[in-house]
Amino acid sequence: MSIVQNRKAFHDYFIEQRLEAGIALEGWEVKAIRAGRVQLQDAYVIVSNGELFLIGCHMSPLLSTSTHFAPDPIRTRKLLLHAGEISRLIGSVEQEGYTLVPLDMHYKNGRIKLEIGLAKGKRQYDKRQTEKEKDWRREQQRLMRIKT
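First things first, this report covers the structure right here in the doc. (Residues numbered from 1 in each chain as written. Predicted model: local features only at pLDDT ≥ 70, side-chain atom pairs only at ≥ 80, totals over all residues. Heavy atoms only, no water.)

A word on the nonpolar core
Our working rule: Here, nonpolar core refers to any group of buried Ala, Val, Leu, Ile, Met, Phe, Trp, Tyr and Cys residues whose side-chain atoms link them within 4.5 Å. To sort residues, take the accessible area from a 1.4 Å probe on protein chains only and compare it with the maximum for the residue type: under 20% means buried, over 50% means exposed, and anything in between is partly exposed. Helix numbering and strand numbering both begin at the N terminus, where a helix is a DSSP run of H or I of at least 4 residues and a strand a DSSP run of E of at least 2. Contact between two residues is taken to exist if any of their heavy atoms lie within 4.5 Å; hydrogens are not considered.
Of all hydrophobic cores here, the largest spans 26 residues; its most connected members are Leu52, Cys57, Leu79, Met105, Leu114 and Ile116. Counting residues per element, the ones that place at least two in this core are strand 2 (13–23), helix 2 (27–34), strand 5 (51–55), helix 3 (83–93), strand 8 (98–108) and strand 9 (111–121). At 4 residues, strand 9 tops the list of elements feeding residues into this core. Excluding anything up to four places from it in sequence, leucine 52 contacts Val45, Ile46, Val47, Arg77, Lys78, Leu79, Leu81, Ile86, Leu89, Leu100 and Ile116.

Describing the environment of arginine 137
Note on placement: arginine 137 falls in helix 4 (residues 124–147). According to the relative accessible area criterion, arginine 137 is partly exposed, its value standing at 49%. Put simply, arginine 137 and glycine 22 are 115 residues apart on the chain and 35 Å apart in space, counted from C-alpha to C-alpha.

Below, the structure is given as C-alpha cells:
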C-alpha cells in the first residue's frame, strides 16, 4: 500500500532501475508517516562513506509529539540496503549523469519501505516529447470511448 509517491521524479528523470530500501526512522516519524504527513517532492539520495542517505524528505510532526523534544522535519535519514546492492549503486552513480531519486514510500509487512530509482536526467525536449506521448495516449482512449 503506497503512502506517498514522487511524481516529479518521473517527469524529470528516466528511471532505469528500481530498488526497495528500509529507512532508519524515529518514533515520531513513523507516527507522522502513518498520518500521511510526508513529502518526497524535493528529496534525493546521496552516497556518503559507503552508505546511502535520504535528504530533503519533509515529515511534519504531529501536534501530539512530546513537548520536551524538538523534532527536525527534514533531518537526514539513513537508508538500509545490503552491502552488495550499495556497492552496485555506488558504481552506477559514479558514472556521469546518473543519480538516485526516491520514487515511492509504502508499507511492506508492517514496515515502511522506500523505493529508490537509479535515474538519468531528462533534457527539456525529452520532457516535451513525454508530454506529447501522454496527451496522445489520452486522446486515443477518448476516441476509443466515443466509437464504442
